[in-house]
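# Summary of the model geometry
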Amino acid sequence: MAAAPEERLDVLNAAGEKTGVSKPRSEVHRDGDYHRAVHVWIYSESTGELLLQRRADCKDSWPGQWDISSAGHISAGDSSLFSAQRELEEELGIKLPVDAFELLFVFLQECVINNGTYTNNEYNDVYLVTTLTPIPLEAFTLQESEVSAVRYMRCDEYKSCLAKESEEYVPYDVNGKYGQLFNIIEERYKDNTQSRSLTLQKQINRYAPIHLEPDLTTLSEGDREALGYILKAAIVIDDIFYEQVWNSNRMLRDWLKGHSESSALDKLKWAYYSINKSPWSCLDENKAFLSTADSAVKLLTDATKPVSGWKGVEYRAAFPLDKPPGANFYPPDMDKMEFELWKSSLSDKEQKDATGFFTIIKRLDSLSSPSLTQSDGSDQIKTADDLFIVPYSKEYISSLEKAAELLEKASACSDSPSLKTLLRTKANAFLSNDYYESDIAWMELDSNLDVTIGPYETYEDGLFSYKATFEAFIGIRDNTATSQVKLFGDQLQDLERNLPMDNVFKSDSVSAAPIRVINLLYNSGDVKGPQTIAFNLPNDERIVNERGTSMVMLKNISEAKFKHILKPIADACIREEQKEYVDFEPYYTHIVCHECCHGIGPHSITLPCGKKSTVRLELQEFHSALEEAKADIVGLWALNFLIKKGLLPKSLSQSMYVSFLAGCFRSIRFGLEEAHGKGQALQFNWLYDKGAFVLHSDGKFSVDFTKVEDAVESLSREILTIQAKGNKPSAQSLLQSRATLTQPLRLALEKIEHMQVPVDIAPNFGTANKLLGKV
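Not measured: the values here are computed from a predicted model. (Residues numbered from 1 in each chain as written. Predicted model: local features only at pLDDT ≥ 70, side-chain atom pairs only at ≥ 80, totals over all residues. Heavy atoms only, no water.)

### Concerning the overall build of the protein chain
Selection rule: Secondary structure elements follow DSSP: runs of H or I of four or more residues count as helices, runs of E of two or more count as strands, with numbering from the N terminus. Burial classes follow relative accessibility: with a 1.4 Å probe on protein chains only, a residue under 20% of its type's maximum area counts as buried, one over 50% as exposed, and anything between as partly exposed. Whether two residues are in contact is decided by their heavy atoms, any of which lying within 4.5 Å being enough. We get accessible surface area from the Shrake-Rupley algorithm with a probe of 1.4 Å; when it comes to residues, only the shown protein chains can shield them. His is not counted, nor are the chain ends, whereas Lys and Arg count as positive and Asp and Glu as negative. Here the site of a charge means NZ on Lys, CZ on Arg, CG on Asp, or CD on Glu.
Helices and strands together make up the secondary structure of the protein chain, namely 29 helices and 26 strands. Based on the C-alpha atoms only, the size of the protein chain along its principal axes is roughly 85 × 60 × 60 Å. For the protein chain, with 775 residues in total, the buried portion stands at 59%. Taking contacts inside the protein chain between residues at least 6 apart in sequence as the whole, the part at least 24 apart equals 73%. When the accessible surface of the protein chain is totalled, it reaches about 31,600 Å², and 49% of it is carbon and sulfur. For the protein chain, the separation between the mean place of its 84 positive charges and that of its 113 negative charges on side chains is 4 Å.

Given below as structure tokens:
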């Protein structure tokens, strides 16, 4: 029988990136090439023990020594998670699903052993599998060529042995990066109920509770009936969003809700999770406020060979300490380079689908068991290009079918022709994955019951800003306020012609953007942490180019934020002589103008090489923050332009700048990981460096009215030009240099924190909840 071919490994550069070269394992260690491996630790909660394996005596590295529960190389073309699953099954006979593996950190091990003949330059993805109790030793099936024995050992005892450099154990520097393993476990399981409760309560207190009960008397009888079905569809949309954030998020939600009455701490966990819709805190740059130790427990009865009297493996559904940048749109162990290499091998149509709003990317190996052999005994054939595309209409089919049915019923009830069209076309879009017709119907909506529902924003996709999250906003039209803001939509083309950028980049076909002002009744989906006060849609460049955009303003949300947040911030940070300028009218007017300015400036662009593209595709992960900054700063420029034309009162000319200054501090409190906060920090620091914003000796701020106009125009020109050229390096440089927490910002935030000003609001949908109780 011919010998099995030697395992091949992907060769990495010193930074851990794939070079596109693979070599046999022996040559990799001979030549000292960088490569990747997985470490999988099994930890028992009840006993505080880690599972160790004794390496077989025939191993070419550290033979006969006690080591990680399971470990192995990542073969060429394989994924990290697949390798972790495979190694556990091969070495220990344990079959676990992806949600059992928590990625703790990546550890670079560089060493030379065996008298200089074996060089190990290895990037190790360190995973933790958390079980409630130890797995019985007789449940393991050991791979004789790799493992000679297994045993459990208390964490502190094992750490002590490593610190003493005992020759019985494979060496790891517990005082270096690998010590994180022990630090994370120790911190996670120490008795700190009181301090955790205090921290969570403090985090919850950053949100001011408000009650939303808009007047429904303007709705017809048919639209009232339709509203019940629409609210139910919005709840379904919420389920999809939870799934989009992270693969086990819905399970965690249900677990926390089910245990919320178990203790005071559990109640606080659920309350703060409900605000963030994930275990990562929006206002703390997505730092985890929960850990896998708080997560759902799952039972697997067939993960190992059976043991009499033992029901099976009970494990915690794991989630990473760091929020996955690709959310649940991409495989969790996929990096940007892998995606780009894969994308380059696709046809133009496939590339468009891969980078489109309404698809997710999966791995072929996620569909199968980590077992290396098929049921017929043949070897699996694995390729390096194992990514593939799944449309939303298939990935979320059960939820979308339910939502579509509810919208069809709502459409049948409604008395409004435009609302009936929107609901019918949106139901079709959920099933066809083609949102073009429904987005046009949304732009043409003219109904007292205002509905936005579907996949729109791309903020959750931290890798590329390609993928859209589902959301729903349901409100009652404010017809008086809507008529008052029509001016801005009518002036868009004139604003485009006069933008502070080279004429060659300007469009001569900007459409007037309809603006609808509503009072919010209910929202769901991608509305977590800080509440949305307005939005400008759609994001589809085809429609933006053909029809422009439409805007929806949430007036009751804006009023609540101004009252509970902006006014107290102004009291804390704005000098007395300018405090009177902070008023709701300029604050709200700038919000309207911000949303209008999303519709002007570069969208579809021509690159210097002549290629047609879009700003979103070229700027990728920097697009969202820069676009929010553009809408803000160009919005200020546009207000000044309209004042000079006599279309807005001169009384706004100073109050808009001071209100904007106070608003900077409000948005930056959302955190610099969030697009709005990052964009706001960029603007504040630019205007401060230009002398337009001034910090005084009393620690308060003012606007220098002689400098602010030029500073606003210069930043507008900078951002618009970067977007027009699709210049990603310049976008990165601008954000990295300016979107930082500088000393003046720190000073302002400390003053606001000292006064305990809420960071945002947490709405209670009183009217909607009453209606949901009836339908």
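That covers the picture; the talk isn't over yet.
### A word on the nonpolar core
Put simply, the rule reads: For the purposes of this section, nonpolar cores are sets of buried Ala, Val, Leu, Ile, Met, Phe, Trp, Tyr and Cys residues that join through side-chain atoms within 4.5 Å.
Judged by nonpolar contacts, the single largest core of 163 residues is most densely connected at Phe430, Phe488 and Phe665. The leading source of residues in this core is helix 23 (residues 623-644), at twelve residues. For Phe665, the residues in contact, after removing those within four places along its chain, are Ile569, Cys573, Phe684, Phe701, Leu745, Ala748, Leu749 and Ile752. Among the nonpolar cores identified, the runner-up in size contains 28 residues, and Leu52, Trp66, Phe107 and Val174 belong to it.

### Here we look at the pairing of strand 8 (residues 118-131)
Where we set the bar: At least two bridges found by DSSP between two strands is the condition for calling them paired.
Burial analysis of strand 8 places 14 of its 14 residues in the buried class, which makes it a mostly covered element. Neither face of strand 8 is exposed, since Tyr118, Asn120, Glu122, Asn124, Val126, Leu128 and Thr130 on one face and Thr119, Asn121, Tyr123, Asp125, Tyr127, Val129 and Thr131 on the opposite face are all buried. Bridge analysis of strand 3 (residues 34-44) against strand 8 gives eleven bridges, and the strand direction is parallel. Note that in strand 8 the partner of Ser44 across the bridge is Thr131.

### Some remarks on the side chain of Ser416
Locating Ser416 in the fold gives a position in the loop between helix 12 (397-413) and helix 13 (417-432). On the accessibility criterion, Ser416 (8% relative accessible area) is buried. Residues contacting Ser416, with those up to four places away along its chain left out, are Asp223, Asp446 and Ser447.

### Remarks on the pattern of salt bridges
Stated precisely, the cut-off is as follows: Here a salt bridge means any side-chain nitrogen of Lys or Arg lying within 4 Å of a carboxyl oxygen belonging to Asp or Glu.
All told, the structure shown has 56 salt bridges when counted by the stated rule. Here Arg253 ties to Asp254 by a salt bridge, and the two come within 3.1 Å at their closest N and O atoms. Residue Asp254 is classed as partly exposed on the basis of its relative accessible area of 45%. Between Glu576 and Lys579 there is a salt bridge; the shortest N-O distance is 3.1 Å. Here the residue Glu576 and the residue Lys579 both occupy positions in helix 20 (residues 576-579), the gap between them amounting to three residues, near one helical turn. For Glu576, a relative accessible area of 58% corresponds to the exposed category. Through salt bridges with shared partners, a single ionic network connects Asp239, Glu243, Arg250, Arg253 and Asp254.

### Focus: unusual backbone geometry
Of the consecutive residues Leu537 and Pro538, the connecting peptide bond is found in the cis state with omega at 0°. As for its position among the elements, Pro538 is in the loop between strand 20 (534-537) and helix 18 (541-547). A positive phi angle, close to 50°, is found at Glu285, a residue other than glycine. Here Glu285 is to be found in the loop between strand 11 (280-281) and strand 12 (287-288). Exposure remark for Glu285: the relative accessible area of 42% places this residue in the partly exposed category. A positive phi angle, near 50°, is found at Gln620, a position not held by glycine.

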